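Analysis of the macromolecular model
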Amino acid sequence: MAIFKPLRQKDRSYVFTVFDNEKSGSPARAVFSRFPLPDELFPAGPQKNILESSLVKDFDNTPEAKEKLVKNILDTMVENITANRFDHAGFVRECVDHFENFFYGEKEIKTVDDFLALPPEAVHKIAGDLYFYSRVEDEFTMGE
């Protein structure tokens, strides 16, 4: 019988490395409730299709219609670029259970909501580190 044996599995309690946290005598930890599946990407929003808009369907080739169409194309491009960005809040809400030993100033950060209330730059860097860690694959071997 073939048996899969874990060689190295990720720990659900992770000491994040940004801001030299891991060098602290008592580092902060994020505790994962789960790790994302390989195909989970956490996009910030859905993509829009310009060709499916009512402006394209009802286009009558007048100058006003051309101007509206160009504006719609530019607006849709900007929205699609934004939609492709990584949704830090969505990832953290979906995959992180809580934080341990994490302080920001005098306030203890315990919940995901506490974390998301931090300054955006801190959320961006820490969530990026958490996401990178969560994407590291477990290693298994097969034995008899």
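Residues numbered from 1 in each chain as written. Predicted model: local features only at pLDDT ≥ 70, side-chain atom pairs only at ≥ 80, totals over all residues. Heavy atoms only, no water.

**Examining the side chain of K10**
- Counting through the fold element by element, K10 comes out in the loop between strand 1 (3-8) and strand 2 (13-15).
- A distance of 2.5 Å separates the side chain of K10 from the backbone oxygen of V136, its partner in a polar contact.
- Leaving out residues up to four positions away in the same chain, K10 has contacts with F35, Y133, S134, V136, E137 and D138. (Helix = DSSP H or I, 4+ residues; strand = E, 2+ residues; numbered from the N terminus. Polar contact = N/O pair within 3.5 Å; in protein donor to acceptor, adjacent residues only side chain to side chain. Contact = heavy atoms within 4.5 Å.)

**Notes on the sheet that holds strand 3 (residues 29-32)**
- Pairing is antiparallel across the open sheet formed by three strands, whose spatial order is 2-3-4. Lying at the two open borders of the sheet, with one neighbouring strand each, are strand 2 and strand 4 (96-100). Averaged over all pairs of adjacent strands, the angle between strand axes in this sheet comes to 25°, irrespective of strand direction. (Pairing = 2+ DSSP bridges. Axes fitted to C-alpha atoms, helices over the stretch in contact; angles between N-to-C directions.)

**As for the packing of aromatic side chains**
- Evaluated as defined, the whole model comprises eleven aromatic pairs.
- Here F32 and F35 contribute two aromatic rings whose centre-to-centre distance is 4.9 Å and whose plane-to-plane angle is 40°, an arrangement assigned as tilted.
- Relative accessible area serves as the criterion here: at 2%, F32 is assigned to the buried category.
- Consider the rings of F32 and Y133, whose centres lie 5.9 Å apart with planes at 40°: the pair is tilted. A residue pair is termed long-range when its members are at least 10 positions apart, and F32 in strand 3 and Y133 in helix 5 (residues 120-135) qualify at 101 residues. Of the two residues, F32 and Y133, neither departs from the other in class, the shared state being buried.
- Here the aromatic cluster, defined as three or more aromatic residues joined through ring pairs, consists of Y14, F32, F35 and Y133. (Phe/Tyr/Trp six-rings, centres within 6.5 Å; stacked < 30°, edge-to-face > 60°. Buried < 20%, exposed > 50% of the residue type's maximum accessible area, 1.4 Å probe, protein only.)

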